[in-house]
Amino acid sequence: MSQSQLSGVAVSPGRARGPVVRVAEPLGEPANKPAPEDPQAEAARIAPATKAVAARLEALSASASGDAATILITTAAMAADPALISEAERLVTAEGLPAPRAIYESANGFATTLAAAGGYMAERVRDIEDVRDRVVAELLGVEPPGVPELPTPSVLVARDLAPADTAGLDPAKVLALATEEGGPTSHTAILARALGIPAVVAVRGLLSLDAEALLVDGDTGVVEVAERDAPVLTAVASGPVEWNGVGSTSDGHLVKVLGNVGSPADARAAADAGAEGVGLFRTEFSYLDAEAEPTVAEQQSAYTAVLTPFAGKPVIVRTLDAGADKPLAFLSPEAEPNPALGVRGLRVAFDRPEVLDRQLEAIAGAAQDSGADVSVMAPMVATAAEAAWFAERVRAAGIVRAGVMIEIPAAALSAKEILAVVDFVSVGTNDLAQYTFAADRQLGAVAALNDPWQPGLLRLLKLIGDAAKAAGKPAGVCGEAAADPLLARVLTGLGVTSLSMNAPSVRAVGASLAGVTLAQCEAIAARVLDTPDPAEARKTARAADAG
Ligand code: PEP
Ligand code: MG
């Protein structure tokens with residue numbers, strides 16, 4: 001492959017070409033040494049830097065509208081706050097700190113005060129941190145971190161993006177996304193798919209590619225240098241697919257085709273696509289930016305907005321899956337050496353059960369307000385004892401069906417014991433692959449191991465499918481594996497009873513199931529389980545399809 005063309009992992013379909021905008025890397029803490037030789041002159045740099053940042057934010061607010069404009073104006077006012085500036089100046093002249101470090105500490109002092117005040121004030125902590133990073137960058141003469149405002153529709157290029165940054169992307173402005181790091185099941189990839197932004201991750205060498213414009217192909221994974229003046233291009237991946245809206249094999253074996261959602265917009269898109277319900281509502285996506293725990297009333301109304309398009313239909317709400325790449329400020333654990341192996345998902349609730357109970361109260365209220373047929377499940381469950389602990393709390397909150405996700409190999413191996421204490425399970429193949437193959441789902445270098453066609457992963461799914469059949473209870477899949485129309489047949493053959501995915505995949509998966517009998521699915525699954533690697537597994541399933 002030539003140097004003007006690189007290859008990565010395609011994670012969100014569609015092709016787009018346009019000018020490149022690079023996302024600057026995080027700055028980290030500015031150094032507290034050396035002490036300035038001329039403290040007065042160093043302190044005098046601070047006010048102009050804050051003024052420049054405030055002016056830039058005000059200019060941006062002029063081209064924004066609604067909430068975005070209000071936020072930018074408020075943030076500009078924070079940057080110009082005389083108390084912030086004078087404290088930073090004092091830290092330079094009295095304590096001998098370099099100006100970038102002084103503004104950093106001054107802003108952190110304000111952030112601590114705001115956080116302690118709680119409520120609306122606490123929600124401004126993120127804004128003061130944003131001001132802090134912009135002024136530090138100004139003083140250091142580097143680009144401010146994070147996703148910049150895009151003057152025209154552009155292709156974003158980054159090492160990786162945090163889920164919170166990706167969730168805020170405007171699909172009208174971001175033509176496509178390409179990252180040097182990231183895996184096919186990272187939350188950035190999942191969010192790009194939900195937003196309909198073509199994306200390629202794990203593009204090795206991307207950051208050293210000298211390009212003013214790029215063509216990103218979210219179907220093949222190819223990223224290609226384009227002429228600077230090449231016209232902007234966008235093309236969606238595939239045309240409409242015929243499906244009658246009932247998840248079923250051709251001989252009437254029902255497999256519900258459900259939506260994965262994280263916002264009211266996702267829920268409307270899933271309902272419009274014909275999803276029969278929701279198999280995974282990622283509640284933590286509503287709070288990636290929240291500094292303080294939302295109240296029960298706030299949660300209830302946020303959840304009701306997501307559930308309403310599914311009144312009268314089944315919806316599985318997942319309790320907060322905080323931690324690893326989705327830290328929630330109000331639940332952050334102590335710093336951990338390996339956050340993906342740390343206190344995340346349900347583990348957070350063992351220390352803070354009152355947070356879980358408040359969330360369950362809000363979910364029960366939202367179920368009533370929306371009329372959706374709500375079940376609740378917990379993320380990151382390792383043992384049957386944990387599952388039983390959770391189910392008891394769910395039932396105490398007046399919610400009738402309690403389930404758990406199977407995303408840890410130990411849970412897959414204990415599927416029988418877990419199913420004995422809950423009403424259903426749902427397999428999170430993204431994390432189950434990550435933990436089975438010891439391969440970080442955010443890391444481009446190990447992306448091939450996080451392939452849902454890995455026979456090692458599918459053998460665990462067989463264990464779960466068999467346990468569910470024996471228990472007579474449902475076992476769904478809500479990881480990205482469920483969105484692959486060919487793999488959907490394999491999963492059905494392994495005993496999976498529902499498949500949950502992003503809206504754009506719903507019709508293709510529904511149509512794929514309608515084209516085969518259950519016996520054919522079982523035969524394909526048996527052959528795929530016998531293959532040595534993902535390439536053979538795909539080939540075997542395709543051959544069975546043709547024959
Ligand atoms: C999964 O791990 O497969 C899953 C569905 O949960 P999440 O992607 O939110 O971690
Ligand atoms: Mg998961």
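Everything discussed here concerns the structure shown above.
As the structure is a computational prediction, the values presented were derived from the model and not from experiment. (Residues numbered from 1 in each chain as written. Chains lettered and ligands numbered in written order. Predicted model: local features only at pLDDT ≥ 70, side-chain atom pairs only at ≥ 80, totals over all residues. Heavy atoms only, no water.)

1. Quick word on the site of ligand 1
What surrounds ligand 1 is a group of 16 residues, the closest being Arg282, Arg318, Glu407, Asn430 and Arg441. Asn430 places a polar main-chain atom, nitrogen or oxygen, 2.8 Å from an oxygen atom of ligand 1. Mapping ligand 1 onto the cavity grids shows that it belongs to the second largest cavity. Among the secondary structure elements, those contributing two or more residues to the shell around ligand 1 are α9 (187–195), β11 (278–282) and α17 (429–436). For the shell around ligand 1, the residue count by class is four nonpolar, five polar and seven charged. (Near = heavy atom within 4 Å. Polar contact = N/O pair within 3.5 Å; in protein donor to acceptor, adjacent residues only side chain to side chain. 1 Å grid on protein atoms, 1.4 Å probe; cavity = no way out; pocket = protein on both sides within 12 Å on 5 of 7 lines; lining within 4 Å. Sits in = over half its atoms within 2 Å of the grid points. Helix = DSSP H or I, 4+ residues; strand = E, 2+ residues; numbered from the N terminus. Nonpolar A, V, L, I, M, F, W, Y, C, P; charged D, E, K, R; others polar.)

2. Let's talk about the coordination of the magnesium ion (ligand 2)
Coordination angles at a metal have ideal targets, namely 109.5 degrees for four tetrahedral donors and 90 or 180 degrees for six octahedral donors. Of the protein atoms, only Glu407 (OE) and Asp431 (OD) coordinate the magnesium ion (ligand 2), at distances of 2.1 Å. Of the two residues, Glu407 is situated in the loop between β14 (401–406) and α15 (409–413) and Asp431 in helix α17; the sequence distance between them amounts to 24 residues. Judged by its relative accessible area of 2%, Glu407 falls in the buried class. (Donors = N, O, S within 2.8 Å, 3.2 Å for Na, K, Ca; no water. Buried < 20%, exposed > 50% of the residue type's maximum accessible area, 1.4 Å probe, protein only.)

3. Here we look at helix α13 (residues 353–370)
Counted at 1.5 Å a residue, the expected span for α13 with its 18 residues is 26 Å, and the 26 Å between its end C-alpha atoms agrees. Within α13, the full set of buried residues consists of Pro353, Val355, Leu356, Gln359, Leu360, Ala362, Ile363, Ala364, Gly365, Ala366, Ala367 and Ser370. Buried positions along α13 lie against α11 (296–307), β12 (314–318), α12 (346–351), β13 (373–378) and α14 (384–396). Of the residues trailing α13, Gly371 is marked for its positive phi of about 80°. (Expected span 1.5 Å × (residues − 1). Contact = heavy atoms within 4.5 Å.)

4. Observations concerning a nonpolar patch on the surface
A contiguous nonpolar patch, built from Leu27, Leu140 and Val142 and spanning about 220 Å² of accessible area, is present on the exposed surface. If you trace the backbone, Leu140 turns up in helix α7 (residues 125–140). Owing to a relative accessible area of 46%, Leu140 belongs among the partly exposed residues under this scheme. (Patch = residues over 30% accessible without salt bridge, like charges linked within 9 Å, V, L, I, M, F, W, Y side chains within 5 Å. Areas by Shrake-Rupley, 256 points an atom, 1.4 Å probe, with all protein chains shown as cover. Salt bridge = Lys/Arg side-chain N within 4 Å of Asp/Glu carboxyl O.)

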